[in-house]
2 protein chains.
Amino acid sequence: MDFSSKLLENAVNEMSQLPGIGKRTALRLVLHILKQPERQTEDLSNALMKLRNSVQFCKKCHNISDTELCEICSNPKRDASLVCVVEDIRDVMAIENTGQYRGLYHVLGGKISPIEGMGPQDLTISSLVHKVKQGEVKELILALSSTMEGDTTNFYIFKQLEGTGVKTSTIARGIAVGDELEYADEVTLGRSILNRVPFEGSFNNN
Amino acid sequence: MDFSSKLLENAVNEMSQLPGIGKRTALRLVLHILKQPERQTEDLSNALMKLRNSVQFCKKCHNISDTELCEICSNPKRDASLVCVVEDIRDVMAIENTGQYRGLYHVLGGKISPIEGMGPQDLTISSLVHKVKQGEVKELILALSSTMEGDTTNFYIFKQLEGTGVKTSTIARGIAVGDELEYADEVTLGRSILNRVPFEGSFNNN
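Every residue gets a number counted from 1 within its own chain, in the order that chain's sequence is written. By the order in which they are written, chains take letters starting at A while ligands take numbers starting at 1. Reporting in this predicted model follows two pLDDT cut-offs: at least 70 for local features of residues, and 80 or more for side-chain atom pairs to be given and counted; totals over whole chains, interfaces and linings ignore these cut-offs and use all residues. To obtain the side-chain values, all non-hydrogen atoms of the structure were used and water was disregarded.

For chain A, an unreviewed UniProt entry supplies the name Recombination protein RecR and the organism Maribacter algicola. UniProt positions are given in the numbering used here, feature names are shortened, and annotations may be inferred rather than shown by experiment. UniProt's Sequence similarities (unreviewed entry) comment on chain A is quoted here verbatim: "Belongs to the RecR family."

> Explanation requested: the domain arrangement of chain A in the structure shown.
For an interface, size is often stated in terms of accessible area lost upon the parts coming together. Per the domain assignment, the segments making up chain A are domain 1 (6-54) and domain 2 (74-171). Where each domain begins and ends follows an automated or database-derived domain assignment. Distance from the C-alpha centre of domain 1 of chain A to the C-alpha centre of domain 2 of chain A: 35 Å.

> What's the story with the pattern of salt bridges in this structure? I'm lost.
Once their charged atoms are close, side chains differing in charge can pair, the charge on each being opposite to the other. Just to be clear on terms, a salt bridge is a Lys or Arg side-chain nitrogen sitting within 4 Å of an Asp or Glu carboxyl oxygen. Counted according to the given criterion, the structure contains 18 salt bridges over all chains. Two residues, Glu9(B) and Lys6(B), come together in a salt bridge whose shortest N-O distance is 3.5 Å. Of this pair, Glu9(B) and Lys6(B) both sit in helix α1 (residues 6-15), three residues apart, which is roughly one turn of that helix. Its salt-bridge partner being Arg78(B), residue Glu96(B) comes within 2.5 Å of it at the nearest N-O pair. One end of the pair, Glu96(B), is in helix α4 (residues 89-98); the other, Arg78(B), is in the loop between β2 (64-65) and β3 (79-86), with 18 residues separating them in the sequence. Three or more residues are tied together by salt bridges with common partners; here these are Arg39(A), Glu42(A) and Asp43(A). Under the scheme used here, helices are H or I runs from DSSP no shorter than 4 residues and strands are E runs no shorter than 2 residues, and both carry numbers assigned from the N terminus.

> How should the confidence of the model for chain A be read in this particular structure?
Parts of the model with low pLDDT should not have their predicted coordinates read in detail. In this model, chain A carries a mean pLDDT of 90, and residues with pLDDT of at least 70 account for 97%. Per-element mean pLDDT across chain A ranges from 86 in helix α7 (residues 186-194) of chain A up to 95 in strand β4 (residues 103-107) of chain A. In predicted models, pLDDT denotes the confidence assigned by the predictor to each residue on a 0 to 100 scale.

> Got a minute to help me understand the UniProt feature "domain: Toprim" (unreviewed entry) in chain A in this structure?
As recorded in UniProt, the sites labelled "domain: Toprim" (unreviewed entry) are residues 81-176 of chain A. As a span, residues 81-176 of chain A carries 33% helix and 20% strand, and end to end its C-alpha atoms are 28 Å apart.

> Quick question: what am I supposed to make of the pairing of β4(A) here?
Working note: regular strand, side chains alternate between the two faces of the sheet. All names here are of chain A. Whether a residue is buried, partly exposed or exposed follows from its accessible area with a 1.4 Å probe, protein chains only, as a fraction of its type maximum: under 20%, in between, or over 50%, in that order. With five of five residues buried, β4 is to be regarded as a mostly interior element. Taken together, the five bridges between strand β3 (residues 79-86) and β4 define a ladder with parallel strand orientation. Residue pairing across strands places cysteine 84 opposite tyrosine 105, the latter belonging to β4. Note on handedness: a crossover is taken as right-handed if, strands pointing away from the viewer, the path from the first strand over the helix to the second is clockwise. Running through helix α4 (residues 89-98), the crossover from β3 to the neighbouring parallel element β4 is right-handed. Paired strands are those between which DSSP finds at least two bridges.

> Mind showing me how you'd approach the nonpolar core here?
One broad trend across soluble globular proteins is that nonpolar side chains are buried collectively. Throughout this description, the term nonpolar core refers to a set of buried Ala, Val, Leu, Ile, Met, Phe, Trp, Tyr and Cys residues connected via side-chain atoms within 4.5 Å. Core analysis: the biggest nonpolar cluster contains 46 residues, and Leu8(A), Met15(A), Leu8(B) and Met15(B) have the highest contact counts within it. Among the elements of the structure, α1 (6-15), α2 (23-35), α3 (38-54) and α4 of chain A together with α1, α2 (23-35), α3 (38-54) and α4 of chain B are those that each provide at least two residues to this core. Note on contacts: a residue pair is in contact if any heavy atoms of the two residues lie within 4.5 Å. Other than its neighbours up to four places away in sequence, Met15(B) contacts Leu18(A), Leu44(A), Leu48(A), Ile21(B), Ala26(B), Leu29(B), Val30(B) and Ile33(B).

Written out as structure tokens, the structure reads:
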């Protein structure tokens, strides 16, 4: 792309560094910004810079937080003996939205993925092991996505915790509520039959 | 969405002001930014602010430019008697990419669209009329998109220029090169038959 302005070209190039945003989309976004009041560009720039410079991670669960200890970890009504291990803040938000979970979280910051160069040392696994060894945690719920990387990470954590006596579980896999059986994939349907629950028990969470 | 951090929430809210970017996409983009080196966030913020604060528009064609007169308008090899009227800089870039056009441009900055609150006074139409009345322009090519708004704008410009004696044309509409007839829409196919060109003449541009 040949731009008539270096300033425009720079802005488009920087914008197109974002994932899923190509040069054309970046140009559309930048031209939109140019049509808006200057105030909006300032707000966007400042919000990004402030976040990048002042972002903190909760020292206990490693979630993004504005304080040293996040709201969930510092809430005395939360059950500190139950810890749910997730990949990132989006999973915390998703689980919080269900309103079904009263324990704490542990944010790994990713999954073990040799292809993306993510090893166990890039995640907060050692902090998790340390937390478990201190004895407060009774049950660990592994809630990573069920991909090759997620399974690898689950297994690695499981191995690291051997001998600590902590109870480890994973979230249930099965047919989504409201889904029709005929459209479910075989693996999910197979697992949901193997891991069937007593009929009375299936209402527990509602 | 409930965020664990006000800084994160602000950044996501500002990001989701951009067109086509919802809250979820904004969160994905912001979390990506957080994982990149600080330098990258600075570069993005600075590029946007610099563009917004220092952007200039060519005083002749109103295209985005770093100088008072853009590269195209100040190029003596360009034919100043031929002016192509387009909507925005993306159209200029598209036409420049063809390598077929040696005239100048006039960037309107949009189309007449009552629904979006865009009237003739929001566009650079009066500047175009002024330019034509000064006499240097011999032919005007109207290259707006062929929508209701584009047609309205074309007609408005045509009316404004009545009596100036300038030759006005629109770009040819027809079947795209490489397209198959059976998949073309009726309006386009109809126009391409009505506006057929002599067989010898069809090679002129190659």
